[in-house]
Structure formats: C-alpha cells, structure tokens
Amino acid sequence: MRQFRKERGMTLRGLSARSGLSIGFLSQVERGISTIGLVALNSVAAALERGVAEFFEDAPEPERDAQRLPGHFTLTRAQTAATEYVSGAQTYRMLSSRGPSLVLEPLLVHIAPGGRREPAYGHAGEEFAYVLSGELLFEVDGVEHRLYPGDSVHLRSTVPHAMYNDTDEVTTVVSVVTPRLF
C-alpha cells in the first residue's frame, strides 16, 4: 500500500480523504501493526486507482476455461486450480473467472476463528452471504445477527456492515458481491 501511495505522490492524509479510512488506521496497516479487511482494501485500491489483486504478491491472473468463451459467460471447472486471496483471518476463493461484461463476484470465503474485529463499514454495491458451515456474526447498521448453516443475508453495501467469526471453528460462506473486488 505504501509503495502504491508513494508512486502516486499521495500523503496518508490524501489517501485517508479519498478512501474514507482514518490516517491512523492507514498508517498502522502500512507499518504492519494492523491488518486491513477486503472491503477497506477495496476503498484504498479505488483511491489509488489500482485493482485489489495488485496488493497481493504474485497474484495469479484468473484462468479462463480452455474453450474460447464470449465475454458474457464464464465456465469454471472444479478441477481447475482456483485463485485464492488471503486478507487477515479470511481466505477468499474465486468461484468464477472474470468475464468483461459480468459484475458479480462469487466467492467461497473461509473465516478463521478470532482475529481482529473490523469496524462496520459501508461501500458501493450489494452483498449476499450464505453460511455453509460454522457460525457467523454479521453486523448490519449497528445490529448484530448470528447466522448458522443455511442462513443468508443480502444487503446494499452502502449500509455499514461487518462480519466476524467469534467461535472456535472455521466458518465457510458463499459470498456474492458487487462491484467485483479482484
């Protein structure tokens, strides 16, 4: 993050103003004292005019199926190695390749127990989360909801929200977001 910020000649104050995140928090992330969640990283990436995937070392390009598919359609086979990104206590596995005219980002998310609880945050788009296993504490507009396997939540992402695994086991969620994060 520091490298991209400096390449643009931007101060922490400027990045804070453009991303909506505090100077102190951004400074802690740059110094490795704090971790940043994917939603907040998306705001930083937008402020720096970068893709979120660029913040991950050696991020592989999403693979297309061997067939030449049109931009309005992707096909992802189970045996194809999926791209994964790790952000704090969460591991995001891409469930589809990127199609140029497609806006949904389907992900399989594994949320480790504990970790740092992020403050609720709003951003552009929509989110849907379906719990496959474990439990998930999902805060929406200041109200906490405990989700169990089979439960789901769907919201406009502009409403402040956060999710957290406060159990002793990994929680697995199918998540679909817009706009695409990676």
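The rules behind the values
- Residues numbered from 1 in each chain as written.
- Predicted model: local features only at pLDDT ≥ 70, side-chain atom pairs only at ≥ 80, totals over all residues.
- Heavy atoms only, no water.
- Pairing = 2+ DSSP bridges.
- Helix = DSSP H or I, 4+ residues; strand = E, 2+ residues; numbered from the N terminus.
- Axes fitted to C-alpha atoms, helices over the stretch in contact; angles between N-to-C directions.
- Salt bridge = Lys/Arg side-chain N within 4 Å of Asp/Glu carboxyl O.
- Buried < 20%, exposed > 50% of the residue type's maximum accessible area, 1.4 Å probe, protein only.
- Phe/Tyr/Trp six-rings, centres within 6.5 Å; stacked < 30°, edge-to-face > 60°.
- Lys NZ or Arg CZ within 6 Å of the ring centre and 35° of its normal.
- Contact = heavy atoms within 4.5 Å.
- Parallel < 35°, antiparallel > 145°, perpendicular 65-115°, else oblique.
- Left-handed = near helix turned anticlockwise from the far one by under 90°.

(A) How the structure looks around the sheet that holds strand E5 (residues 136-140). Spatially, 3 strands are ordered E6-E5-E8 in an open sheet, and the strand pairing comes out antiparallel. Either end of the sheet is taken by a strand with one partner, and the two such strands are strand E6 (143-147) and strand E8 (161-164). Neighbouring strand axes in the sheet, compared pairwise and without regard to direction, differ in orientation by 20° on average. As paired elements, E5 and E8 share 4 bridges and run antiparallel to each other. Each bridged residue has a counterpart across the sheet, and for valine 140 the counterpart in E8 is histidine 161.

(B) Region of interest: the pattern of salt bridges. Applying the stated criterion across every chain yields a total of 7 salt bridges. The salt bridge partner of glutamate 49 is arginine 18, with a shortest N-O separation of 3.8 Å. Taken together, the residues span a long stretch of sequence, with glutamate 49 in the loop between helix H4 (38-47) and strand E1 (84-87) and arginine 18 in helix H2 (residues 12-19) at a distance of 31 residues. Overall, glutamate 49 belongs to the exposed group, its relative accessible area being 55%. The class for arginine 18 is partly exposed, based on a relative accessible area of 45%. Between arginine 146 and glutamate 135 there is a salt bridge; the shortest N-O distance is 3.2 Å. With arginine 146 in strand E6 and glutamate 135 in the loop between strand E4 (126-133) and E5, this residue pair connects regions lying 11 residues apart in the sequence. Judged by its relative accessible area of 27%, glutamate 135 is partly exposed. When salt bridges with common partners are traced through the structure, they connect Arg2, Arg5 and Glu30 into a single cluster.

(C) Summary view of the pairing of E4. In the sheet, E4 pairs with strand E7 (residues 152-156) via 5 bridges, with the strands oriented antiparallel. Pairing of alanine 129 across the sheet is with valine 153, part of E7.

(D) Inspection of the packing of aromatic side chains at higher detail. Evaluated as defined, the whole model comprises 0 aromatic pairs. Against the face of phenylalanine 4 rests arginine 50, its NZ or CZ located 3.9 Å from the ring centre.

(E) Seen up close, the sheet that holds E1. Taken together, the 6 strands give an open sheet; going across it, the order is E1-E2-E3-E9-E4-E7, and neighbouring strands pair in antiparallel fashion. The open sheet is flanked by E1 and E7, the only strands paired with a single partner. Sheet twist, expressed as the average angle between the axes of neighbouring strands with direction ignored, equals 20°.

(F) Main features of H4. Most of H4 sits out of view: 8 of its 10 residues are buried. All of the buried residues in H4 are Leu38, Ala40, Leu41, Asn42, Ser43, Val44, Ala45 and Ala47. Where H4 is buried, its residues contact H2, helix H3 (23-30), E1 and strand E2 (90-94). Downstream of H4 by a residue or two, glutamate 49 has a phi angle that is positive, lying close to 55°.

(G) Here's a closer look at the packing of H2 against H3. Running from N to C, H2 and H3 cross one another at 115°; their axes reach a closest spacing of 9 Å. Here H2 is positioned roughly perpendicular relative to H3, judged by the angle of their axes. As for the relative orientation of H2 and H3, their crossing is right-handed in sense. Of the residues in H3, those in contact with Leu12, Arg13, Leu15, Ser16 and Ser19 of H2 are Ile23, Leu26, Ser27 and Glu30.

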